[in-house]
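# Chains, contacts and geometry: an overview
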Amino acid sequence: MLSSLLFLLLNAVITCVAASTGYHERLFLRPLPQGSLLASFNFVSNETQEAFEQQNFRYFPRSFGQILQHAHARELHLRFSVGRWDAEDWGERPWNGAREGGTGVELWAWVEADNEDEAFARWLTLTNALSGLFCASMNFIDATKTIRPVMAFAPEGPHGNVANLHLLHGTLPHEVVCTENLTPFLKLLPCKGKAGISSLLDGHKLFDASFQTMAIDVRPVCDGAGTDCSVEMEQTVDMVLNVARSKRPQNNPIPRPLPIDQLECDTSKPYNSGDSCYPLKKSTEPSWTLEEVFGRPLKGACPLTEETGDAAHTACIQTEPERTVNANTTGEYTEMKVGSDTIRCYKLPTGSDFDLVLPEQQLTTGLVRPSPPLFAARSINGHGQERGSTQSIIRNPSTTNTVEFVYLESLPWFMKPYLHTLRARLDTTSASPIKETYYRPAIDRKRGTHLELLMTIPPNSTLTLTYDFEKAILRYTEYPPDANRGFDAAPAVIRVLSPNTGDRKGMYIRTTSLLLPLPTPDFSMPYNVIILTSTVMALGFGNIFNLLVRRFVGADEVPVGAGGLKGLVMGKVGRLRALVGM
Amino acid sequence: MPLDTEHKLLIFAAAAAVRLVLPAVFPTFPDLLTGRVEVSTPVTSFKRLQEGVFLYTHNVSPYDGGVYHQAPLLLPLFSLLPDPSTYPLATNILYTVVDLLSANAIGQIADSGQNVATRLFTSSRKHLTWSSIAIATGYLFNPFTVATCLARSTSALSNLFILTAMAKAAHGASTTFILALAFAAYLSMHPILLFPPLLVLLYDTRATKTQSKPNVWTFAIAHTLGLAVAIGALLSASAFITGSWDFLAATYGVRLLLPDLTPNVGLWWYFFIEMFDSFREFFLGVFWLHAASYVPGLTIRLHKQPLFVACTLTGVFAIFTPYPSIADAALYLSLVPLFRHLFPLMRYSFLASAAILYASVLGPAFYHLWIYAGSGNANFFYAITLVWSLGLSIILGDSMYAALRDELDVERPELQGKEVRRI
Amino acid sequence: MALLSSILALRRHPALIKLPPYLSAFCIVVGIAWLLILPLNEYSRRTYVSENALLPGQVHTYFTGSEHDVFRAYRHEVHALIDRPVEERSKALESIFLEQNLKVSTQKYNYTVSNTTIASENVYAILQGPRADATEALVLIGAWKNMDDEVNNSGVALVLTLARYFKRWSLWSKDIIFLISADSTIGPQAWVDAYHNEHNEEEVESLKIKSGALQGAVAIDYPAGPWGHRYDKLHIVYDGVNGQLPNLDLFNTAVAIADGQMGIQCVIQRMFNHDDTYKERLMTMLRGMISQGLGHATGPHSSFIPYHVDAITLSTVGDGWHDEMTLGRTVESLFRSLNNLLEHLHQSFFFYLLLQSKRFVSIGTYLPSAMLIAVNFSITALALWVKSGKPAEGEEKIASTNPEPSKPATDDKSNSTSPATDTKSPPATEIVKLGDAVTIVPQSSTTTLERPLLLPALLVLTSHAIGLVPLYYFNTHPSTHLRALHLTAANASSILPFVFAWTGYYAPDTPIPTQTFTLIQCFSLLGLGLGLAALATLNFSLSIIIGVLSAPLSFVRRTESNALNILQLGLLAVLNPVMVAQWSSHYLGADLAEVLRLAAVGWRVWGLWTQVVVWVVWFPAWVVGGTIVAGGMF
């Protein structure tokens, strides 16, 4: 509980500093159970509205700013994600999931336009430009992958002054996020990964993480009075590293079996001997240092960050107070302890490397990990490539409060759900949990399915949501090269409305994506099929019209020998003779 | 006669019993059939109809989506029935009644005697027929018909209207004929192609009934206008119900342009899966032209036997339309016995029936291998659809040969039983 | 046309009328001979891996060193659990998985088959691939009891050790599920049913945690005790339920890794010493066909295959010098290969007969044999139709796509150019009949016309319906009484033909004409041929086995000579499906009662449809055949 409070507090810190102009960054480390480590990087750069409109950018990356202006995007959220957050073990998501995306690429933006079509046109320019900027295939977010959510997303910034905003949302669940997306991401930072906490971001480690998400959020920020607004760009990287795995040296990453003498055996076992060893589960917290885990040193502070105040303490770690954390650097640094010592923040030295060293340690106390408001899992039932049914199981762990949430599904057009088979069952009550439904059915090759449900779950009960769907068979040109792998269906987005977080970011949970095997034709067949089908049709047609256009005469009336081919030929020859004779 | 009606009642009761008892004994059976691609196509599937009704009753336009492609007037009709998933009986009864009415209609067609003796032509074998009861029985207990009824595919309805149209035409009832045909065309578009032959049939019957034969042109124009009005009324009623004309694109547009390539027993789906994008429109045109081209040819050549032309056209629909199902085949195969007198002249009957039989057994097996076992590929099922279509088209051509041969025997009695050649 | 008329001339030839029996006999002989030549090099092929992504044996394996000590420890742990109650066992296994930071869950199941309850619990753990997004998963199975009902001590221990070892790797692109099923056939079935949510909630508990679509499954069967046992060869089991087979690529990968990389020789179908002679190959193929034909579950992998999840079981055989770590490295390498897969296995063959671990016959080569045998029935049916005469009635049914009208085809196909002549000039036998038809039909009303076809059709249908009765009883009867039930069935089924024949002759006031019996046999054979042809594509082996066993049905006829009758009846009595079950199980060294129990289990749990084929396709055909012959006795 305590820690969760502090976590909120930390968010508050960042948001409050965000309101002012300038550039801020913060690294927040949190050891997780089973030797994992959560590292969330957060970079905030502001620009006053005027400066932004006059295109004189200081911290705000010009390339990005110009794209936003050209596409009239007032607020934009871009996500690159890999892996899944293990809520059972790791508890609540960083930023309450507000800075997290579904597997692959997810993008939603509020575009200013007079009508839907213009908005969509601008959306297309936006996606194309972004795909160029981030080396991601966002240009494939076309009409079939774009939806216009109604309840699931709310703008984070105040948009009082701007009328007719259109929210568009698109996902690429199959997109593989990798280093080519990280490099442009770092390029947008003022310190470009050369100094400050961003110097820790190394492709190898980042993409070896068990869970990792990169987020870019652009939103207007105004002070209380609503005057002197500024445009804020927030870049976030959350990653969960497996300490043991990350500590392996770059040149020898293979997890070879430990030498027997380094293996900790359970000596209490009767059979324990030289040749058999029951491995002990380590009870101690593993030792690690920043350099070991991230594979490169933290190169001092980014000179653009403030010199004093909270914002200056850019590297924070949240551990049990008894855990020894040694800062190891040649330059001078200051340590600041927040929230009854569970959070320690360090002001980084400028120009010299900085490292945090945590020794292996036996801990007596542990931090309370706040559990998320909901646990959600989604899977496909049934087998065969013809039809199936989707099953989402959403559990409310809380014993006291009812949870109200919005469930958003954005399905590809070739996955055709039957809404009349939609069933939502609660294991505790028979009352239907569905309060509101928004449904926009798919149209072949034009539009995907868009389903939004407003639902409530009473305390500690489980909701099972199922619906049947049918799989369309596509034209052979519409299949990807790996047709037999199947198609990915985007993760479902769950937005928790109550209990709500104080800030405007909201609380989000995303399920994993689904693999949808479609029936495949034989790709080597086009010519054969055209030939065979045409043959059958020709047989029918020829047979019938042959009967229609010719008339019957008695066999004996036909010219002599007119039996079969020979007769035919003879007849022709005879006629020819006659002609010649004349 | 009382005996006959007794027979009829008995048979109809038995048929109804089969249709009502089977779902009661095996509750999952109807849904299983509804899921079979051979039985229900995207434009006739009952599950899609349910979806459409659900959206309709929840004020979402069913036509603003890629699932529902069936006629709008079905929506209010089925929204009146109780939910089939909870009370299936009501729906089953409806479909059973539809089948019985169709059987009744087919019986009427047989009774009219138009199949053997029309105004301009009387077969030399006209005594060689089956009673209307026998033919109705053939329809009711045709496994394909039963499957269609249990699967609650809406093609049962269009079959009913087609048969009624034929029956009315054969009995010279203009208005009912026009209405029935209008409904058939409204439900599944292609029956409109039956208008020319049936019009001829109607004209013949009218001419035979009333000695003073009406003027051809006025007759034709009057009925064409009548049909146009009827269809127009239906369409505008639908537009009134759904509140827009979107349904045109979503129903007839889909039938014309084939956006949904779900497999079926026809020839179109795999062809257009494998077709190169640049030629798709061209071949759509060609295929439709091909399907329509049979109407004038048959009507002109066989204008003496309009009923035969109409029946043959139903066969053409069962093979060459974009979304055929075994329901269409059931219709055609139940109409063929009307021409019992042609059987002695048919030549490939065993070949054709064997082909159809094997196709109907191997089809499901191969579909299972492709979709569920994953050990076969699409070509397995495709091959079977080819065999199926081939079998049907052989029956088609063979019966045509027989009909023409039959005409020849009347025109030139001296040729009866002699070998003939086509030149 | 010239060709057609020549055929016409040929058809008029009386020899043709006598031909069919010889023709169908020829079909059967060729069909069987075909099978016998398959093992030759000319007709079989060497196996090869066609999915490029698999790269079998291209990785270095590291499962050695201290892992061996861990393995020994786990082996002791497992051994200690052998005679503990199920709950305790599950708890212990769960705790081991939990120590390895895996997601663990259990699944209870409780089937009631023929009045006996089968209840136990599966334990499974999910290793979430670090780079995976929960869309795909592989399964590693260690059944607690193997097929011979021994405790799979080392196998389970190996699964535990590998779980711990795999957890350290970061390269998994798919989740890996470690399943410790309570037994080898029912546990996995319950689990895989629940995984696809196609289970019955009363019998099988739903899974609490799931992963993505299953891409492949490998089961380890290594029943060595706590002190280990060095084995000689790997026995790869690959038959699925209902005779469905895994993709050949999976099998080839396993062989390539075990044999090529680890140097363990692989054997199949319990042919433990295979010196690649013709005889050995043939034996292997036949054993494969029998187990495919029976369609029962042959290992933990079998239940996965009907869900289009390719799966195999690796079991150790013999005494040799290979140790557990070699097996572990084999599995490691195999999983590395499967981990490379970009698409679901689809490249290679799904229909094949294996002659040895590196030789196979593909469907194109072997299917004709089954088809020939199926065709022989159709030919006889055709001949019988001709014999039965009066074909015109047959044609009426064409409309409703009935099988009957074979006769018109024979002469129609041939003399297509001159249909009308038939109606007059009576040169050859059938044509007269056709002529008769045309001239007779008019006088008679439809009802009288239909009878000759309707009655046989109905009788054949009823005979098929009767098959449902034994099907029901054999699948629901208490397992203790199955033996007695079988005895009753044997007796009843042997008497049945005589009863039918007797009723056929004496019950109705006017004895049923011979022609009707001919038609009955005709339809029944037609149905049999059709059924077997369709079955050949689903389960080749079952189709050919039944085809061969019921081949005599196309030759038995009703004769007046008692000696011949008794001969025929004796032959049929031996080939009575019930009797076949008796002597075949005796010959294959299986206990009949156990076979029957397994069949019931298969019906209830695995969704086995072998019995359906036997009772609804084969048995009725046999009864009809018997009735025909018995008719001669009266």
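Residues numbered from 1 in each chain as written. Chains lettered and ligands numbered in written order. Predicted model: local features only at pLDDT ≥ 70, side-chain atom pairs only at ≥ 80, totals over all residues. Heavy atoms only, no water.

If you look chain B up in an unreviewed UniProt entry, it shows as PIG-U-domain-containing protein from Ophiobolus disseminans. UniProt, in the comment section headed Sequence similarities (unreviewed entry), describes chain B in these words: "Belongs to the PIGU family." (UniProt positions renumbered as here; feature names shortened; annotations may be inferred.)

The name given to chain A in an unreviewed UniProt entry is GPI transamidase component GPI16, with Ophiobolus disseminans as the source organism.

## Examining the interface of chain B and chain A
The partner chain A presents 60 residues to the 63 residues of chain B that form the contact. Here chain B and chain A share an interface that buries about 5900 Å² over both sides, 63% of which is from carbon and sulfur atoms. Scanning the region where chain B abuts chain A turns up four salt bridges. Across the pair A:Arg447 and B:Asp64 runs a salt bridge, and its minimum N-O distance is 3.1 Å. Counting the contacts that link chain B with chain A gives 22 residue pairs in polar contact (both at pLDDT 80 or more). (Contact = heavy atoms within 4.5 Å. Buried area = accessible area lost by both parts, 1.4 Å probe. Salt bridge = Lys/Arg side-chain N within 4 Å of Asp/Glu carboxyl O. Polar contact = N/O pair within 3.5 Å; in protein donor to acceptor, adjacent residues only side chain to side chain.)

## Some details on the sheet that holds strand β12 (residues 334–338) of chain A
Residue and element names in this part refer to chain A. Ordered by their spatial adjacency, eleven strands build an open sheet running β5-β6-β4-β3-β7-β8-β2-β1-β10-β13-β12, and the pairing between neighbours is mixed. Edge positions in the open sheet fall to β5 (146–147) and β12, since each of these has one partner strand only. As paired elements, strand β3 (residues 73–83) and strand β7 (residues 211–221) share eight bridges and run antiparallel to each other. Note that in β7 the partner of Ser-81 across the bridge is Thr-213. Of the strands in this sheet, β3, β4 (104–112), β5, β6 (165–172) and β7 touch helix α5 (residues 116–134), which is tilted by about 135 degrees from β4. (Pairing = 2+ DSSP bridges. Helix = DSSP H or I, 4+ residues; strand = E, 2+ residues; numbered from the N terminus. Axes fitted to C-alpha atoms, helices over the stretch in contact; angles between N-to-C directions.)

## Here's the deal with the interface of chain A and chain C
Often, the extent of an interface is quoted as the loss of accessible area on bringing the components together. With 47 residues of chain A at the contact, the number on the chain C side is 45 residues. Of the roughly 3900 Å² buried where chain A meets chain C, counting both sides, 50% is carbon and sulfur surface. Taken together, chain A and chain C are joined by 19 residue pairs in polar contact (both at pLDDT 80 or more). For the side of chain A that touches chain C, the secondary-structure elements that each account for two or more residues are β3, α4 (87–90), β15 (375–381) and β26 (514–516) of chain A. Taken together, the residues of the side of chain A that touches chain C sort by class into 18 nonpolar, 15 polar and 14 charged. (Nonpolar A, V, L, I, M, F, W, Y, C, P; charged D, E, K, R; others polar.)

## What about the environment of C:Thr47?
Residue and element names in this part refer to chain C. In this structure, Thr-47 sits in the loop between β1 (45–46) and α3 (66–80). Judged by relative accessible area, Thr-47 falls into the buried class, the value being 18%. Taking the C-alpha atoms as reference points, Thr-47 and Asn-197, 150 residues apart in sequence, are found 36 Å from one another. Once residues within four sequence positions are removed from consideration, Thr-47 is found in contact with Asn-252, Leu-354, Ser-357, Lys-358, Arg-359 and Phe-360. (Buried < 20%, exposed > 50% of the residue type's maximum accessible area, 1.4 Å probe, protein only.)

## What about a negative patch on the surface?
Residue and element names in this part refer to chain A. Together, Glu-50, Glu-53, Asp-223 and Asp-228 make up a negatively charged patch on the protein surface. With respect to the helices and strands, the residue Asp-223 is situated in the loop between β7 and β8 (230–242). We classify Asp-223 as partly exposed; its relative accessible area is 31%. (Patch = residues over 30% accessible without salt bridge, like charges linked within 9 Å, V, L, I, M, F, W, Y side chains within 5 Å. Areas by Shrake-Rupley, 256 points an atom, 1.4 Å probe, with all protein chains shown as cover. Lys, Arg positive; Asp, Glu negative; His and termini not counted. Charge placed at Lys NZ, Arg CZ, Asp CG, Glu CD.)

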